[in-house]
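# Residue-level structural notes
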Amino acid sequence: MRKRWIAAFGVVLLAAAACADPQTEAAKSSDPSVVSFDTSANQQHITSAKVDSIAAELPASVRESGKLVVGNGSAGGGLPPLGFTADDNKTPIGVEIDVAYLVASVLGLKAEIDTTSWENLFLGLDSGKYQVGISNIGVSELRKEKYDFATYRLGLHAFEAKLGSGLKITGPADISGKNVAVGSGTLQEAILVDWNKQNVAAGRKPANLKYYQQAADTYLALQSGRIDLYLGPNPNASYHVATQHKTEIVGTVSSSYPVQGLVGITTKKDNGLVKPLADALNAAIADGSYAKVLAKWGLQGEAVPKSLINPPGLPKK
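Now for a quick tour of the structure. (Residues numbered from 1 in each chain as written. Predicted model: local features only at pLDDT ≥ 70, side-chain atom pairs only at ≥ 80, totals over all residues. Heavy atoms only, no water.)

## Looking at the sheet that holds strand β6 (residues 92–93)
Spatially, the three strands line up as an open sheet ordered β4-β5-β6, and their pairing is antiparallel. The strands lining the two open edges of the sheet, one partner per strand, are β4 (78–79) and β6. As paired strands, β4 and strand β5 (residues 83–85) are joined by two bridges and run antiparallel to one another. Bridge assignment links G78 to a residue of β5, and that residue is F84. (Pairing = 2+ DSSP bridges. Helix = DSSP H or I, 4+ residues; strand = E, 2+ residues; numbered from the N terminus.)

## Some words on unusual backbone geometry
Here the residue pair P80 and P81 is connected by a cis peptide bond, since its omega of 5° sits within 30 degrees of zero. Residue placement: P81 occurs in the loop between β4 and β5. Along the chain, Y257 connects to P258 via a cis peptide bond; the corresponding omega equals 15°. Tracing the sequence through the fold places P258 in the loop between β13 (247–254) and β14 (261–268). Of note in this structure, N136 is not a glycine but carries a positive phi near 55°. Here N136 is to be found in the loop between β8 (132–133) and β9 (147–162).

## Some points on the environment of N136
What makes N136 partly exposed here is its relative accessible area of 25%. Excluding residues that lie within four positions of it along the chain, N136 makes contacts with L82, E96, W118, Y152, R153 and V263. Among the polar contacts made by the side chain of N136, one reaches the side chain of R153 at a distance of 2.7 Å. (Buried < 20%, exposed > 50% of the residue type's maximum accessible area, 1.4 Å probe, protein only. Contact = heavy atoms within 4.5 Å. Polar contact = N/O pair within 3.5 Å; in protein donor to acceptor, adjacent residues only side chain to side chain.)

## Focus on helix α5 (residues 118–127)
Listing the buried residues of α5 in full gives L121, F122, G124 and L125. Seen from one end, α5 has its buried residues packed into an arc of 155°, which puts them on one side. The outward face of α5, more than 90 degrees from its buried face, is lined by the exposed residues E119, L123 and S127. Where α5 is buried, its residues contact β3 (67–72), β8, β9 and β14. Positioned one or two residues after α5, G128 has a phi angle of 90°, which is positive. (Arc of directions from axis to C-beta.)

## A closer look at the packing of aromatic side chains
Enumeration over the complete set of coordinates arrives at nine aromatic pairs. Their ring planes at 45° and their centres at 4.6 Å tell us that F37 and Y239 sit as a pair that is tilted. Here F37 is found in strand β2 (residues 35–38), whereas its partner Y239 is found in helix α8 (residues 234–244), with 202 residues between them in sequence. By relative accessible area, which is 10% here, Y239 ends up buried. Among the aromatic residues, ring-to-ring pairing joins F37, F84, Y239 and W297 into one connected group. (Phe/Tyr/Trp six-rings, centres within 6.5 Å; stacked < 30°, edge-to-face > 60°.)

Here it is as structure tokens:
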């Protein structure tokens, strides 16, 4: 099967000062070297050796089944580099898929990936169809009422600007008076609304929020100068920067602003899976295989030093 390799230089992620803590500061350390993406269906997944002591922590039913059934919400093509369809238009690939294979290998299980819609992903977790969900699911206080989380990536949103813009976004003052595109009803929009309130309270002009139905329209507006910035998920922005060479990331902000956002493997609450999942992730972090997965997709800036079980998440509104 054919391979499509896409190379890019200088993917640099700048952490927003508003989110500064040891985990967010890690977002500044992305390696600005060449990033290559293999989008072929027959690519090799990064795995690690089984750790018997961690596998022994699994519920007996899961251990005896020999498989880890994973729901991923990338139906319909997905969004690179998270979960998306390979060149054969059917095989799921991406960082979330690779995390599934990596964790399963440490647990001595075979990963079975099922792609579905975002809504059906949670229905599948509730019904037991999926043992875990690995699909860029952010930890939130509301979700923690029903699910357990083992974290594996920072949750970040990125400000994307036209290449050579000279902009740097570190907080509310930097968007004052700017035209900023954002998705309606998203967490990103809520952050910008909050920042605008801070700007007005400080006597500064608010940003002008702009809304587009299609990503292509957003990027056309960015290139033409009709907007200054676009705030969206950091993984998608990083991939777009690396493959299109027309934009740059000029700042990031926590997806759970004002607390540090974290993305976690999600499983039904109290089903006995979250500890072995976290232990498997930490084993992969220790042996370097976790870092290889993130580097494969240019997401080194979202690395966490340790998988946490049910840490503080997006506050309830």
